Amino acid sequence: MFVKNNGFLSILEVSDHTLKDGTPFYICAQTDVTFTFLEWFPRALSDFVRPPAEGGLHAGAMITADEDVDGEMLSICRLTIPSGYKLINRSRCYWKFLGTKTFREQSVEFEDEILFDGGILKWMESGEWKALI
């Protein structure tokens, strides 16, 4: 879920899990970025998957170098299970349960199915989101 939040973009990731003992477990995580992320991500993803012979990352690379995107240090990491990509924002602290602040970066995962088949990447590339900010 993408939410306009005090001039920034908050990406909310919600999921339900069942623990081994059968107990339901609900997770809601928030990653904050500037709206420039929506322009940067499609280009950065295209660069990420470009073959090395065409100027892409070296063979076997799983993560990009951090890139300054409107003052936030962002990178993309390839996920294998489930297949997809993770956005990492190293400029913002991760908040654990009960408001405990850690020094771990914020991140959000986009499964291939949502990103490509679900239309998220196409929506980012279209620029339709600009009317919402």
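Thresholds applied
- Residues numbered from 1 in each chain as written.
- Predicted model: local features only at pLDDT ≥ 70, side-chain atom pairs only at ≥ 80, totals over all residues.
- Heavy atoms only, no water.
- Salt bridge = Lys/Arg side-chain N within 4 Å of Asp/Glu carboxyl O.
- Helix = DSSP H or I, 4+ residues; strand = E, 2+ residues; numbered from the N terminus.
- Buried < 20%, exposed > 50% of the residue type's maximum accessible area, 1.4 Å probe, protein only.
- Pairing = 2+ DSSP bridges.
- Axes fitted to C-alpha atoms, helices over the stretch in contact; angles between N-to-C directions.

Asker: I would appreciate a short explanation of the pattern of salt bridges in the present structure.
Answerer: Two side chains with opposite charge may pair up if their charged atoms get near one another. Counted according to the given criterion, the structure contains seven salt bridges. Between Arg-78 and Asp-112 there is a salt bridge, with the nearest N and O atoms lying 3.1 Å from each other. Of the two residues, Arg-78 sits in strand 5 (residues 72-79) while Asp-112 sits in helix 2 (residues 112-117), which places them 34 residues apart along the sequence. Relative accessible area serves as the criterion here: at 22%, Arg-78 is assigned to the partly exposed category.

Asker: How should I be thinking about the sheet that holds strand 1 (residues 2-5) in this particular structure?
Answerer: Paired through backbone hydrogen bonds, the strands of a sheet run either parallel or antiparallel to each other. Spatial ordering of the open sheet is given by 1-2-3, a layout of three strands whose pairing is antiparallel. Pairing within the sheet leaves two strands with one partner each, and these edge strands are strand 1 and strand 3 (24-33). The mean inter-strand angle of the sheet, taken between neighbouring strand axes irrespective of direction, is 30 degrees. Sheet topology places strand 2 (residues 8-18) next to strand 3; ten bridges connect them, and they run antiparallel. Residue pairing for strand 3: Asp-16 is matched across the bridge by Tyr-26.

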